[in-house]
Amino acid sequence: MAPLLISFVTALLTYMCRKNSLLLRSVSLAGSVGALGAAVQLFLRVEEGGIQTLQLGNWLAPFGISFSVGLLAAVMLVGSSVVALCGNLSMQALLNRQWELRGYYSLFHFMMMGVFGAFSTGDLFNLYVWYEVMLASSFFLVAMSRYRTSVTGAYKYAVLSILSSVAFLIGIAFIYNTAGSLDIVDLIQYQRSYGQNLGMVVGLCCLVMAFSVKSALFPFFFWMPAAYPVTLTAVAGVFAGFLTKVGVYSLLRILVPVSTLPGSERLLPLLFSLALLSMILGVLGALSRDNMKGILAFHSTSQVGYMVLGLSLGTSAGIAACVFYMIHHMLVKTNLFFAVAVMEKASGTSFVSESGGLWKARPLLGAVFAFSALSLIGVPPLSGFWGKVLTLQAALGEERWLAVGMALAVSLLTLMSMLKIWNGVFWKPAVSSLPENDRQGRGRWMMVPLLVMSLLILSVGLGFQPLMNLTERVAQELMEGGLR
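Residues numbered from 1 in each chain as written. Predicted model: local features only at pLDDT ≥ 70, side-chain atom pairs only at ≥ 80, totals over all residues. Heavy atoms only, no water.

(A) Looking closely at the overall build of the protein chain. Counting secondary structure elements, the protein chain contains 20 helices and two strands. Here the protein chain holds 484 residues, and the buried ones make up 62% of them. The contacts of the protein chain with a sequence gap of at least 6 include a subset with a gap of at least 24, amounting to 80%. A total of about 18,100 Å² of accessible surface is found on the protein chain, and carbon and sulfur atoms cover 67% of it. (Helix = DSSP H or I, 4+ residues; strand = E, 2+ residues; numbered from the N terminus. Buried < 20%, exposed > 50% of the residue type's maximum accessible area, 1.4 Å probe, protein only. Contact = heavy atoms within 4.5 Å. Areas by Shrake-Rupley, 256 points an atom, 1.4 Å probe, with all protein chains shown as cover.)

Structure below.
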């Protein structure tokens, strides 16, 4: 509850002091630091004492509002808090006064409240509520620039999200009518006691559809390449860091404990097929784009395919690989968007064909981008290498040869698309004279979150064994149902 409450209070305070720039930024940064500290403390409590639960008003489940944080939720809370803090630093370096007056920081912290709530909730209806908090805040963040393209992108994002919310509510109705409860642990116990029936299977299918939209999984990924390119780049980086992970987290939380029950076993083969299609179509979409944010947006769909591939195997090794890949992707994709934000500012455009000459002008930026791109591709010993190794090992253990071949091919195509950006932006001569760089103002601080995220990526790669052990424990807890 603490990260959620801190985000809520920070959102209110930043709205009240939005006319004082220095106070506004200080309060926002303090809120992000406080949320990270609370998330780390909660993770340590889960490590020491197991699953932490809270029943509001002393109303016991399933009658009251439940919060339940296990290892998976604790890991995701810490990861999203790190991304949020770095995102806050990048915004303080890039935002102009107009955005601050429109209430960016308040919307940002309300969105974080929705993310933290989704990771912490213990029942399906409140998961839906936190999804809607997250949706409303992120919609206004996409549309905040008020350009026609951003409003159009926000509209597409909102329409598809609303359709997923309808599917979510229909799934909740079927499940409640069948089981008489929406508490996640109660539902797992109910299904293990009474098995699956038509109402429960239909409800689960609706939830899978809703979570697939949130994850940007094929064929529900079209909102992402429509919304991200028209969003402020650093904001898109924060979105890429954890918005899709909330959907994948929900799939893990709901499906893994019941995936072996009769009636549920057909959902995993379906997710397996969608994962492979997401991997290949996402990377092909990236190769076809010229806008750097569009390339990274399509890559997010491709990388979500790797995560869902691990989940769809239904094994402990596959689930551990999925969780590891989520952590890796939160860091790498956020850092790539942050790098693109600086590249846009330095070259004056977000299009590869209109850029060039940045290697001589900004060699440190080029090195940071190359470092994150190599991790996305899966070059050892960076975090992406271990994420792909774990995924491939899990697929080989189940003799999924098609998945192994597809994963390797997609990695090669990912290399081609990253080289496209590198050659176009850094290596080729500049198309026109570069604009003046903002080295004297707040923009010079943009390299701070970039370097912090790069160090975290390197740390995950070099110290992969402790994190791999942690993800194995997460997988074990999920497969046991996360019982209180």
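Structure's up, so let's keep going.
(B) Quick look at a nonpolar patch on the surface. Nonpolar side chains collect at one region of the surface, where F8, V9, L12, L13, Y15 and M16 lie side by side and expose about 570 Å² of accessible area between them. Relative to the assigned elements, F8 resides in helix α1 (residues 2-16). Owing to a relative accessible area of 33%, F8 belongs among the partly exposed residues under this scheme. (Patch = residues over 30% accessible without salt bridge, like charges linked within 9 Å, V, L, I, M, F, W, Y side chains within 5 Å. Salt bridge = Lys/Arg side-chain N within 4 Å of Asp/Glu carboxyl O.)

(C) How the structure looks around the side chain of T10. Topologically, T10 is positioned in helix α1. Not counting residues within four places of it along the chain, the set of residues in contact with T10 comprises V27, S28, G31 and H109.

(D) Quick look at the nonpolar core. Counting 171 residues, the largest nonpolar core has L124, Y228, L252, M343 and F369 as its most contacted members. The element that contributes the greatest number of residues to this core is helix α14 (residues 316-347), accounting for 20 residues. Those residues within four positions of M343 in sequence are excluded, and the remaining contacts are M292, G348, T349, L358, L365, F369, I421, V425 and F426. (Core = buried A, V, L, I, M, F, W, Y, C linked by side-chain atoms within 4.5 Å.)

(E) Examining the environment of M91 more closely. The topology assignment puts M91 in helix α3 (residues 71-94). Distance from M91 to Y104, taken between C-alpha atoms, is 9.3 Å for residues 13 residues apart in sequence.

(F) Spatial organisation of the pattern of salt bridges. This model, assessed by the stated rule, comprises two salt bridges. For R473, the salt bridge goes to E47, with nearest N and O atoms at 2.5 Å. Taken together, the positions of R473 in helix α20 (residues 464-479) and E47 in helix α2 (residues 21-49) put the pair 426 residues apart, joining distant regions of the chain. Judged by its relative accessible area of 35%, E47 is partly exposed. For the salt bridge of E344 with K293, the shortest nitrogen-to-oxygen distance reads 3.8 Å. With E344 in helix α14 and K293 in helix α13 (residues 292-312), this residue pair connects regions lying 51 residues apart in the sequence.

(G) Up close: α14. For α14, spanning 32 residues, the distance from its first C-alpha to its last is 46 Å, which sits close to the expected 46 Å at 1.5 Å a residue. Within α14, 29 of the 32 residues are buried, which leaves it mostly tucked inside the rest of the structure. Positive phi shows up at G348, right after α14, with a value of about 80 degrees. (Expected span 1.5 Å × (residues − 1).)

(H) Summary view of the pairing of strand β2 (residues 66-69). Of the two faces of β2, both are covered, the one formed by S66 and S68 as well as the one formed by F67 and V69. Judged from the four bridges that link them, strand β1 (residues 52-55) and β2 form a sheet pairing that is antiparallel. Along β2, the bridge assignment pairs Q55 with S66. (Pairing = 2+ DSSP bridges.)

(I) Highlighting unusual backbone geometry. Between F218 and the following residue, P219, the backbone shows a cis peptide bond with an omega angle of 0 degrees. Here P219 shows up in the loop between α9 (198-215) and α10 (223-227). Cis geometry marks the peptide bond from P380 to P381; its omega dihedral reads 5 degrees. Note on placement: P381 falls in the loop between α16 (363-377) and α17 (383-397). The residue A216 is not glycine, and still its phi comes out positive at about 65 degrees. According to the relative accessible area criterion, A216 is buried, its value standing at 0%. Positioned with a positive phi, E399 is a non-glycine residue whose angle comes to about 60 degrees.

(J) Highlighting the packing of α16 against α17. At a closest axis distance of 6 Å, the pairing of α16 and α17 adopts a crossing angle of 5 degrees. Here α17 runs roughly parallel to α16, going by the angle between their axes. Only S383, G384, F385 and K388 of α17 make contact with α16, whose side of the interface consists of S375, L376 and I377. Grouping the constituent residues of the contact of α16 with α17 by class yields three nonpolar, three polar and one charged. (Axes fitted to C-alpha atoms, helices over the stretch in contact; angles between N-to-C directions. Parallel < 35°, antiparallel > 145°, perpendicular 65-115°, else oblique. Nonpolar A, V, L, I, M, F, W, Y, C, P; charged D, E, K, R; others polar.)

(K) Looking closely at the side chain of S417. Assignment of secondary structure puts S417 in helix α18 (residues 401-427). With sequence-adjacent residues up to four places away left out, S417 is seen in contact with A286, L287 and H299.

(L) Focus on the state of the cysteines. Under the criterion given, the structure shown has zero disulfides. No disulfide involves C206; its nearest neighbouring cysteine sulfur is the one of C205, lying 7.0 Å away. (Disulfide = S-S within 2.5 Å.)

(M) Expanded view of the environment of M144. Relative to the helices and strands, M144 is located in the loop between α6 (124-143) and α7 (148-179). Separated by 40 residues in the primary sequence, M144 and Y104 place their C-alpha atoms 8.1 Å from one another.

(N) Fine view of the packing of helix α11 (residues 233-255) against α14. Running from N to C, α11 and α14 cross one another at 165 degrees; their axes reach a closest spacing of 7 Å. The angle between α11 and α14 places the two elements in the roughly antiparallel class. Both α11 and α14 take part in a crossing whose hand is right-handed. Classifying every residue of the contact of α11 with α14 by side-chain character gives 17 nonpolar, five polar and three charged. (Left-handed = near helix turned anticlockwise from the far one by under 90°.)

(O) Representation of the environment of S7 in the model. Note that S7 resides in helix α1. Spatially, the C-alpha atoms of S7 and S32 are 7.6 Å apart, while their sequence positions differ by 25 residues. Apart from residues lying up to four places away in sequence, S7 is in contact with A35, H109, M112, M113 and F116.

(P) How the structure looks around the packing of aromatic side chains. In the structure shown here, the tally under the stated rule is 14 aromatic pairs. Between the aromatic rings of F8 and F110, the centroid separation amounts to 6.3 Å while the plane-to-plane angle is 65 degrees, which identifies the pairing as edge-to-face. Linking F8 in helix α1 with F110 in helix α5 (residues 104-120), this pair joins segments that are 102 residues apart in sequence. Each residue in the set F125, Y128, Y131, F168 and F211 is aromatic and connected to the rest through ring pairs, giving one cluster. Above the plane of the ring of F272 lies R400, whose end atom (NZ or CZ) is 4.5 Å from the centre. (Phe/Tyr/Trp six-rings, centres within 6.5 Å; stacked < 30°, edge-to-face > 60°. Lys NZ or Arg CZ within 6 Å of the ring centre and 35° of its normal.)

Keep in mind these values describe shape, not function.
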